[in-house]
Each structure stands twice: as structure tokens, then as C-alpha cells.
Amino acid sequence: MSKLIPVAIVIEDEPDIRRLIKVTLELENFMVFEASSVSRGLIESRSRQPEVVLLDLGLPDGSGMDFIRDIRSWSDVPIIVVSARTHEDDKIAALNLGADDYLTKPFSPGELMARVRAQLRRRSMTSNKGETTFRFGRIDVDLTARVVKRDDEILHLTPIEYRLLAFLLTHQNTVLTHRQILLGVWGPNDIENHHYVRIYMGTLRKKLEDDPVQPIHVITETGVGYRFIA
Ligand code: CA
């Protein structure tokens, strides 16, 4: 993070929820700017250069999806959608448009902050490109040497499994849709082959997780996709 005090923008038209998010972030020393519409949110985002945006979907002058579409043409600021819409299609659409995470109302302040911190951590990790070694559970990964070890023993991964693991490691703590994973690992020709993702997540879990039936690293986001947690 380049700034001493991180800046957050809360785009939400319900005053009580906007206030709850603002107070939660301020307790963690964020400087918070508020907006209650898509258009105001875009103006604030341009002028404040935020570290994170918290975004409602149902706004008086349009949908949060419009905001994501617009801002993604000029900014890669982390966007966490905070919405009462529980339908999986909405989550998938928002994530595919470029949102980074999704929180369903009602949420606890603790969960909100955990998601915000995860985004900031990920951002500082990806901006500091030196990071090519990872450790989680009993696994060590060196992306430069292309070596994966479990308890110091070389772990054999197929090329697809390795690409999938590398993709997960560089997108930690973020919900990834099937489509994003297919694009990132297999490329545009296999975008409809959702079963690939399921199959290879299964084989990765068998190799990486202590208990593949109750994974703690390769987490399923039901109906949406996956999230990797180190
Ligand atoms: Ca709303």
C-alpha cells in the first residue's frame, strides 16, 4: 500500500448500511468516502483513488454492474460487492464483470473487514512481483523453479494441475468463477467446459489437502466457483 491511510469508497443507497460499513472501516483506520448512486460512486472513485470499493448492486440511478463495467475500463481497484441479492447468477455476473469478491447482506463487521484485508493483502502481494514462493499446509511451491513439494518431497503435478495451482496462488482469497478459471488456465476455447474445473480441482485437492473431503485451501463457493486460502 502506497498511502499511509488507506482510502475506501462505499457506494450504497441505504443510509443505515452505508453508515455501518463506514464505521467498521473507520475503526480500522480507513478514510471513507460515501456515495449513494452509480454516478456519484464513479466521481468519488476518480477523485479519491481508493484502495478498495464496497459496492451495492441496487442503486437509484442504475445497477452496481454498470459501475463495475465502467470502472474496469480504467481501474483495477479491488471491488467487493455487498448485496442482499443471494441469487448465484448475480454473483457470477458481478465477478465475471470484474468484481473481486461478494458479500451477502446481512453480514458481520468482522466478515466485512476480513474480506477487505484479504483484498489489500492480495493487492500488495501482486504489486510486489518478487513473490514467487508460497507455503500453505504441508505444501511448498516455487513458481520460478516450477517445483511443488509436500513435506519436502517432490509432488508430481500434471501440467494442467500445475497451471491451475499457479492460477489459484496468484489469485488467493478471491472468489473465482468457473469462467475465470477456464479462461486463466485453459484459455478461451474451453470456456464452456465447466466439468474440467470440477475434475481438476478434485485431483488438486487429493494432492494438496490433508483431507480432500474437507478441504481448507481449495474451497468451493457453491454455485459460483472456488476460492483459494493459504
Ligand atoms: Ca440498494
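Below or above, wherever it landed, is the structure these notes cover. (Residues numbered from 1 in each chain as written. Predicted model: local features only at pLDDT ≥ 70, side-chain atom pairs only at ≥ 80, totals over all residues. Heavy atoms only, no water.)

What follows concerns the nonpolar core. Judged by nonpolar contacts, the single largest core of 29 residues is most densely connected at V141, L165 and I181. Those elements giving two or more residues to this core turn out to be β8 (133–136), β9 (139–142), α6 (159–169), α7 (178–186), α8 (194–208) and β14 (225–228). The biggest single contributor to this core is α6, with 8 residues. Ignoring any residue separated from it by four or fewer positions in sequence, one finds I181 in contact with L164, F167, L176, W186, V197, M201 and Y226. Formed by 24 residues, the second largest nonpolar core is a distinct cluster that contains I68, V81, L95 and V175. (Core = buried A, V, L, I, M, F, W, Y, C linked by side-chain atoms within 4.5 Å. Buried < 20%, exposed > 50% of the residue type's maximum accessible area, 1.4 Å probe, protein only. Helix = DSSP H or I, 4+ residues; strand = E, 2+ residues; numbered from the N terminus. Contact = heavy atoms within 4.5 Å.)

Assignment of secondary structure puts R227 in strand β14. Residue class for R227 comes out buried when judged on its relative accessible area of 7%. Setting aside its immediate chain neighbours within four residues, R227 contacts D101, R115, N173, T174, V175, H217, V218, I219 and E221.

In this model, K105 is joined to P106 through a cis peptide bond whose omega is -5 degrees. Structurally, P106 can be placed in the loop between β7 (101–104) and α5 (109–127). Positive phi is not limited to glycine here, since D151 has a value of about 50 degrees. Following the sequence through the fold, D151 ends up in the loop between β10 (147–150) and β11 (153–154). Judged by relative accessible area, D151 falls into the partly exposed class, the value being 41%. Here the phi dihedral of D152 falls at roughly 70 degrees; this positive angle occurs in a residue that is not glycine. Mapped onto the secondary structure, D152 falls in the loop between β10 and β11.

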